[in-house]
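What the coordinates show
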Amino acid sequence: MRDAYWGDLLSLWNLGAVEYRPNIPVDAGLGAEADKKLKSRSEIFRVIRDVVLLESQDYELICDLGGIDVRWPRAADLGELILMGDQAMRILYNMNYQLYRAEYQLQHGREQSKRRRKS
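Attention here is on the structure that accompanies the text.

What counts, and where the lines are drawn
- Residues numbered from 1 in each chain as written.
- Predicted model: local features only at pLDDT ≥ 70, side-chain atom pairs only at ≥ 80, totals over all residues.
- Heavy atoms only, no water.
- Helix = DSSP H or I, 4+ residues; strand = E, 2+ residues; numbered from the N terminus.
- Buried < 20%, exposed > 50% of the residue type's maximum accessible area, 1.4 Å probe, protein only.
- Polar contact = N/O pair within 3.5 Å; in protein donor to acceptor, adjacent residues only side chain to side chain.
- Contact = heavy atoms within 4.5 Å.
- Salt bridge = Lys/Arg side-chain N within 4 Å of Asp/Glu carboxyl O.

**Some points on the side chain of Q98**
Position of Q98 relative to the elements: it lies in helix α4 (residues 78–118). Looking at Q98, the relative accessible area reads 13%, which means it is buried. One polar contact links the side chain of Q98 to the main-chain amide nitrogen of Y5, over a distance of 2.9 Å. The residues contacting Q98, other than those within four sequence positions of it, are M1, A4, Y5 and D8.

Below you can see the structure in the form of structure tokens.
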């Protein structure tokens, strides 16, 4: 992923309480070993760690990294909630687009290299 993706991820933490819900097909032994060695409670670190672990696995197995929840206090002002919700949705949309674009470029690059080998 490009730096912009990670910048967007970090900017979510400025908007509210963020929780990462992992849903990854990383080899159980590898994930358990990482949890033992890298005992970080940082949500940001867990996301980055899981992406790195996934990229070290067979790419075809990657289908769902998990989810990210952004929450705000119930006592927050409605106008403020709307503005923060709008910013969060824009960031999440951009992150999703960057994931799609990276996958598209990867697949498109594979197709072109197959065509070159056949010619």
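**A closer look at the pattern of salt bridges**
Oppositely charged side chains can form a pair if their charged atoms are brought close together. For the coordinates displayed, the defined rule picks out four salt bridges. Between D69 and R21 there is a salt bridge, with the nearest N and O atoms lying 2.9 Å from each other. Here D69 is found in strand β2 (residues 66–71), whereas its partner R21 is found in strand β1 (residues 17–22), with 48 residues between them in sequence. Note on R21: relative accessible area 41%, which makes it partly exposed. Salt-bridge contacts for D69 lead to R71; the nearest nitrogen and oxygen are separated by 3.4 Å. Taking relative accessible area as the criterion, D69 reaches 19% and is therefore assigned buried. Taking the relative accessible area as the measure of exposure, R71 reaches 45% and is therefore partly exposed. Each of E19, R21, D69 and R71 takes part in a single network of salt bridges with overlapping partners.

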